[in-house]
Amino acid sequence: MIRFENVTKVYDQKARPALDSVNLEIDRGEFAFLVGASGSGKSTFLRLVLKEDRATSGAVYVAGQNVARISSWRVPRLRRGIGVVFQDFRLLPQKNVFANVAFAMQVIGKSRSVIRDTVPEVLKTVGLEGKEHRMPHELSGGEQQRVAIARAVVNRPGILLADEPTGNLDPTTSMGIMGVLDKINQNGTTVVMATHDDDIVNEMRKRVVELKNGVVIRDEAKALYTSMIPVVGQSRRLKDASGRETPDDGLPGNGAEGEARQ
Amino acid sequence: MRLAFILSEIGSGLRRNLSMVVSVILVTFVSLTFVGAAGMLQMQINQMKGYWYDKVQVAIFLCSDGSTAPGCASGPVTPEQQQGLNALLESPAVAQYINDFQFESRDEAYKHFKDQFSNSPIVDSVTPDQLPASFRINMKDPEKYQIISETFSSQPGVETVIDQRQLLERLFSVMNGASLVAVGIAGVMIVCAILLIATTIRLSAFSRRRETGIMRLVGASKTVIQLPFILEGVIAAVIGAALASGTLWAVAQFFLGDYMSRQYPDTAFISSGQTLILAPALLILGGSLAGISSLLTLRRYLRV
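As the structure is a prediction and not an experimental result, all values here were calculated from the model.

Draft legend 1. Main features of the sheet that holds strand E6 (residues 82-86) of chain A. All names here are of chain A. Here we have six strands laid out as an open sheet, ordered E6-E7-E8-E3-E9-E10, and mixed in their pairing. Each having just a single partner strand, E6 and strand E10 (215-220) make up the two edges of the open sheet. Strand-to-strand twist of the sheet, defined as the mean angle between neighbouring strand axes without regard to direction, takes the value 15°. Bridge count between E6 and strand E7 (residues 159-163): five bridges; the pairing is parallel. Bridge pairing links Gly83 to Leu160 in E7. Sitting on the sheet, helix H6 (residues 171-186) touches strand E3 (31-35), E7 and strand E8 (190-195), and the angle it makes with E8 is about 150°.

Shown next, in the form of structure tokens:
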């Protein structure tokens, strides 16, 4: 569903690349965590999938299409196939829950009757039935994030990108949000979630892709936030990337986690 | 659905930015009024030129029934006198100064008069026999007017010889100057209008960046995102243009039509209906100015 082939992204010629020769493939229907310290390239990864930025070199494929080949007037069609959720929810404060979700359908020209049928259904999926007429400020953080998720999936995208969706929420609420994302994933949507939240990653036991300084240093199925297995053959690379000796025993407390918790 | 959505977006944008929108309306109104005033002055000049102005320089008016000039003591011009004048115009002594000449009969004179004064009440009180027949002469060198004047003034059957240019040239140069000034002011005001529209659109885009950001993420097309902003500017400018057209119409109707034409009944003024020709031009000018400036602004300040 998402394939990165040797993707490098350089924002500033003098600084190190934000992504450095990344090769990665995320299959249809997969649930993948993207972990790593701030500045490790998680957000850049998501931006490249959305074609918000162009890769400096290499190719990004989304749903089989090389995004570099998509002309600018067809970018909206690419984005209709991708839902996005953010840490700060980004709801429209003057619209109620129903209108916030409906907005995503209105702007792509869905008919009123389709909107009337679909929105309550999606709100039920995210666990907000009966709260259609609440305003965003009347909702808890977790509920607001559920509205944002509903808005992201209401047009049934094949991919859902979540950029630290639980960053502003307490652990219990976060687990609720993860339940919603899991449900969406089980309905067939590919979910890629960038996060710092180790509890959630450890709880979910999904695929974990760890980035460090723009390099994929770990890619494990059913993994934990920090690797429990020694990273064989990667120690040299770790050392090069961070510029200092990194313990490669993979135990909790290694460099990656330490930076993540700063 | 999408149309209704775009319309509601435009409505909310106009309401949120009301004071800026009003200033855009006023600035386009003033600038386009000046553009229109320049246009009106040119129309007025054309109106005053009448049928002959651009074609000939000198007119030899022949005696008619009521002529009191000394050359007309023997009554209206006779066909023999007219032929004599014609022959004189064709004689080498005179012909070397003129390109060509035409004879305007009384009926033709009446027709041209009716065209020129169609907006004036005077047209109803004039009959063909009140208007003199004339020879209209296109000079090789308009400066040689004196020669024609001296040759023909004393001829029998000639009432008077008139150098049309001398009569109107000065007035026209004043009016042309005034329309240049109007165009100059209009130019400055249009620059103001463009900058103000750009600023308004920028503010509008900034105050709605949350909405547009979400629209972008859920895959709204460029048109759906940008059109409300562009139309906001265009609507404001078109309202300003409509006000300008209305003002020009009112000036022609009440100032020229009611006041000036009573003060100067022998001058042909443009009608208020004629100023309506300017209205579509002003509407298109205002709308396209706003459209282009908001499009350029959005390209810089609204990522799609």
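Draft legend 2. Examining helix H8 (residues 209-217) of chain B more closely. Of all the residues in H8(B), the buried ones are B:Glu211, B:Thr212, B:Ile214, B:Met215, B:Arg216 and B:Leu217. Of the surrounding secondary structure, the elements contacted by the buried residues of H8(B) are helix H2 (75-80), E6 and helix H3 (97-106) of chain A together with helix H7 (164-207) and helix H9 (222-263) of chain B. One or two steps after H8(B), the chain reaches B:Gly219, where phi turns positive at roughly 85°.

Draft legend 3. Molecular detail of the nonpolar core. A:Leu34, A:Val49, A:Val101, A:Val107, A:Ala150 and A:Leu161 are the most contacted members of the largest nonpolar core, which totals 80 residues. Setting aside chain neighbours within four positions, we find A:Val49 in contact with A:Ile2, A:Val60, A:Val62, A:Ile82 and A:Leu161. Residues B:Val21, B:Ala186, B:Leu196 and B:Ala205 belong to the second largest nonpolar core, which totals 45 residues.

Draft legend 4. Representation of the environment of B:Glu9. Take B:Glu9: it is sitting in helix H1 (residues 2-16). C-alpha separation for the pair B:Glu9 and B:Thr223, spaced 214 residues apart in sequence, amounts to 13 Å.

Draft legend 5. Region of the structure containing the interface of chain A and chain B. Chain A puts 18 residues into the contact, and the matching count from chain B is 14 residues. At the level of elements, H2 and H3 of chain A are the ones that each hand at least two residues to the side of chain A that touches chain B. Considered class by class, the residues forming the side of chain A that touches chain B number eight nonpolar, four polar and six charged.

Draft legend 6. Representation of the packing of H9(B) against helix H11 (residues 278-301) of chain B in the model. All names here are of chain B. Contact pair H9 / H11: the axes reach a minimum separation of 8 Å and the direction vectors enclose 155°. Between H9 and H11, the crossing angle belongs to the class labelled roughly antiparallel. H11 is crossed by H9, and the crossing has right-handed handedness. Its residues assigned to classes, the contact of H9 with H11 comprises 19 nonpolar, nine polar and no charged.

Draft legend 7. Fine view of the sheet that holds strand E1 (residues 58-62) of chain B. All names here are of chain B. Sheet architecture is open: four strands sit in the order E2-E3-E1-E4, paired in antiparallel fashion. For this open sheet the edge positions go to strand E2 (98-104) and strand E4 (158-163), each flanked by a neighbour on one side alone. The average undirected angle you get between the axes of adjacent strands in this sheet is 15°. For E1 and strand E3 (residues 134-139), the ladder comprises four bridges, and the chain directions are antiparallel. Bridging from a neighbouring strand, Ile60 pairs with Phe135 of E3. Relative to the sheet, helix H6 (residues 145-153) contacts E1, E3 and E4, its axis offset from that of E4 by approximately 175°.

Reading the values: the criteria
- Residues numbered from 1 in each chain as written.
- Chains lettered and ligands numbered in written order.
- Predicted model: local features only at pLDDT ≥ 70, side-chain atom pairs only at ≥ 80, totals over all residues.
- Pairing = 2+ DSSP bridges.
- Helix = DSSP H or I, 4+ residues; strand = E, 2+ residues; numbered from the N terminus.
- Axes fitted to C-alpha atoms, helices over the stretch in contact; angles between N-to-C directions.
- Contact = placed C-beta atoms within 7 Å.
- Buried ≥ 20, exposed ≤ 12 C-beta atoms within 10 Å, placed from the backbone.
- Core = buried A, V, L, I, M, F, W, Y, C linked by C-beta atoms within 7 Å.
- Nonpolar A, V, L, I, M, F, W, Y, C, P; charged D, E, K, R; others polar.
- Parallel < 35°, antiparallel > 145°, perpendicular 65-115°, else oblique.
- Left-handed = near helix turned anticlockwise from the far one by under 90°.

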